[in-house]
Amino acid sequence: QAQVAESGGGSVQAGGPLRLSCAASGTIFSINHTGWYRQAPGKQRELVAVIITRGNKTNYAVSVKGRFTISRDNAKNTVYLQMNSLKPEDTGVYYCKAAINDGRGSLRDYWGKGTLVTVSS
């Protein structure tokens, strides 16, 4: 099986930057795509950004487009989320989800436990 773990969360002032990392480990034949999601207090989890491994195609939620950048380091099986110009409404728990071929015949979604981002005004 595989595992996914996020890191890099913390507290930051509005307007500041923060970079999150999502590292996949374990039995990995290939990773199809990786997405960053966030869940604000009292709200549903939403997709923030996604990157397709083959071709590095990316897509972003409208609310973060132009401020956040998703990228990956294939050699490290790690995906990053560079967050700039942070706003208080970006506060929440950020989760990483990777669609991984772990050798059991089909893609499986692996979720991390999340990392908290707090943006103060």
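Residues numbered from 1 in each chain as written. Predicted model: local features only at pLDDT ≥ 70, side-chain atom pairs only at ≥ 80, totals over all residues. Heavy atoms only, no water.

Student: Kindly report on the sheet that holds strand β3 (residues 18-26), identifying the contributing residues and their values.
Tutor: Across the sheet, four strands lie side by side as β1-β3-β8-β7; this open sheet has antiparallel pairing. At either margin of the open sheet sits one strand with a lone partner, and together these are β1 (2-7) and β7 (68-73). The mean inter-strand angle of the sheet, taken between neighbouring strand axes irrespective of direction, is 15°. Across six bridges, the pairing between β7 and strand β8 (residues 78-83) is antiparallel. Residue pairing for β8: Arg 72 is matched across the bridge by Val 79. (Pairing = 2+ DSSP bridges. Helix = DSSP H or I, 4+ residues; strand = E, 2+ residues; numbered from the N terminus. Axes fitted to C-alpha atoms, helices over the stretch in contact; angles between N-to-C directions.)

Student: Pulling in residues and values, what's your account of the environment of Tyr 95?
Tutor: With respect to the element layout, Tyr 95 can be found in strand β9 (residues 92-101). For the pair formed by Tyr 95 and Ser 120, sequence separation is 25 residues and the distance between their alpha carbons is 20 Å. Look past the residues within four positions of Tyr 95 in its chain and what remains in contact with it is Glu 6, Gly 35, Trp 36, Tyr 37, Gln 39, Arg 45, Trp 111, Gly 112, Lys 113 and Gly 114. (Contact = heavy atoms within 4.5 Å.)

Student: Let's hear about the state of the cysteines: which residues, and what values?
Tutor: Applying the stated rule across the entire model yields one disulfide. Disulfide pairing is shown between Cys 22 and Cys 96; the S-S distance is 1.9 Å. Its S-S torsion of about -70° marks the bond between Cys 22 and Cys 96 as left-handed, since a negative value means left-handed. With Cys 22 in strand β3 and Cys 96 in strand β9, this residue pair connects regions lying 74 residues apart in the sequence. (Disulfide = S-S within 2.5 Å.)

Student: Could you give me a rundown of the pairing of strand β5 (residues 46-52), with the residues and numbers involved?
Tutor: Taken together, the six bridges between strand β4 (residues 30-39) and β5 define a ladder with antiparallel strand orientation. Directly across from His 33, in β5, lies its bridge partner Ile 52. Hairpin geometry of β4 and β5 is characterised by an intervening segment of six residues between the two adjacent antiparallel strands and by a positive phi of about 75° at Gly 42. Examined bridge by bridge, β5 and strand β6 (residues 58-60) share three bridges and lie antiparallel to one another. Note that in β6 the partner of Ile 51 across the bridge is Thr 58. Taking the residues between adjacent antiparallel strands as the criterion, β5 and β6 are bridged by five residues, where Gly 55 takes a positive phi near 95°.

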